[in-house]
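# Reading the structure
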Amino acid sequence: MNTQSPITPATETTMANAIRALTMDAVQAANSGHPGMPMGMADVAAVLFNRFIRIDPAVPGWPGCICTTWAGSASGRRMRSIAS
């Protein structure tokens, strides 16, 4: 049974800020890329993954996995930040 407390908008903002920080670190570590899209869409990603998308990390090949679909795109870095 899931006993997690509900996620508030303030918590989603904190999550979006974490996504932004992970994105900046990844771009810096790779010494390549541009963080604009992942940082700009961090709020959207936090809402999508908290309210609509359900992921079971124990089953990485779940149908419709956007991690696989977007892995090679410019959004791949954001998706890896979120799904990790």
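Scroll up to find the structure this text is about.
So, here's what we can say about the structure. The numbers attached to residues start from 1 for each chain and follow its sequence in the written order. Selection of residues for local features in this predicted model requires a pLDDT of at least 70, selection of side-chain atom pairs for listing and counting requires 80 or more, and totals for whole chains, interfaces and linings are taken over all residues. Side-chain numbers come from the whole structure's heavy atoms, not from hydrogens or water.

### Section: the pattern of salt bridges
By definition here, a salt bridge exists when the distance from a side-chain nitrogen of Lys or Arg to a carboxyl oxygen of Asp or Glu is within 4 Å. All told, the structure shown has two salt bridges when counted by the stated rule. One salt bridge connects Glu12 with Arg51, and the closest N-O pair in it is separated by 2.7 Å. Remark: Arg51 occurs in helix 3 (residues 42–51) and Glu12 occurs in helix 1 (residues 9–30); sequence separation between them is 39 residues. Between Arg20 and Asp43 there is a salt bridge; the shortest N-O distance is 2.6 Å. Numbering of helices and strands runs from the N terminus, with a helix taken as a DSSP run of H or I at least four residues long and a strand as a DSSP run of E at least two residues long.

### Section: a nonpolar patch on the surface
The patches described consist of residues with a relative accessible area above 30% and no salt bridge, like charges being joined within 9 Å and nonpolar side chains (Val, Leu, Ile, Met, Phe, Trp, Tyr) within 5 Å. Residue burial considers only the protein chains on display, and all accessible areas are found by Shrake-Rupley using a 1.4 Å probe. There is a patch of nonpolar side chains on the surface, built from Met37, Met41, Val44, Leu48 and Phe52 and spanning about 430 Å² of accessible area. The residue Phe52 is located in the loop between helix 3 and helix 4 (66–70) in this model.

### Some remarks on helix 3
Exposure categories follow from relative accessible area, calculated using a 1.4 Å probe and restricted to protein chains: below 20% of the type maximum is buried, above 50% is exposed, and the middle band is partly exposed. Regarding helix 3, the residues found buried are Ala42, Ala45, Ala46, Phe49 and Asn50. What you see down the axis of helix 3 is that its buried residues fit within an arc of 115°, all on one side. Our arc is simply the arc of the directions from the helix axis toward the C-beta atoms.

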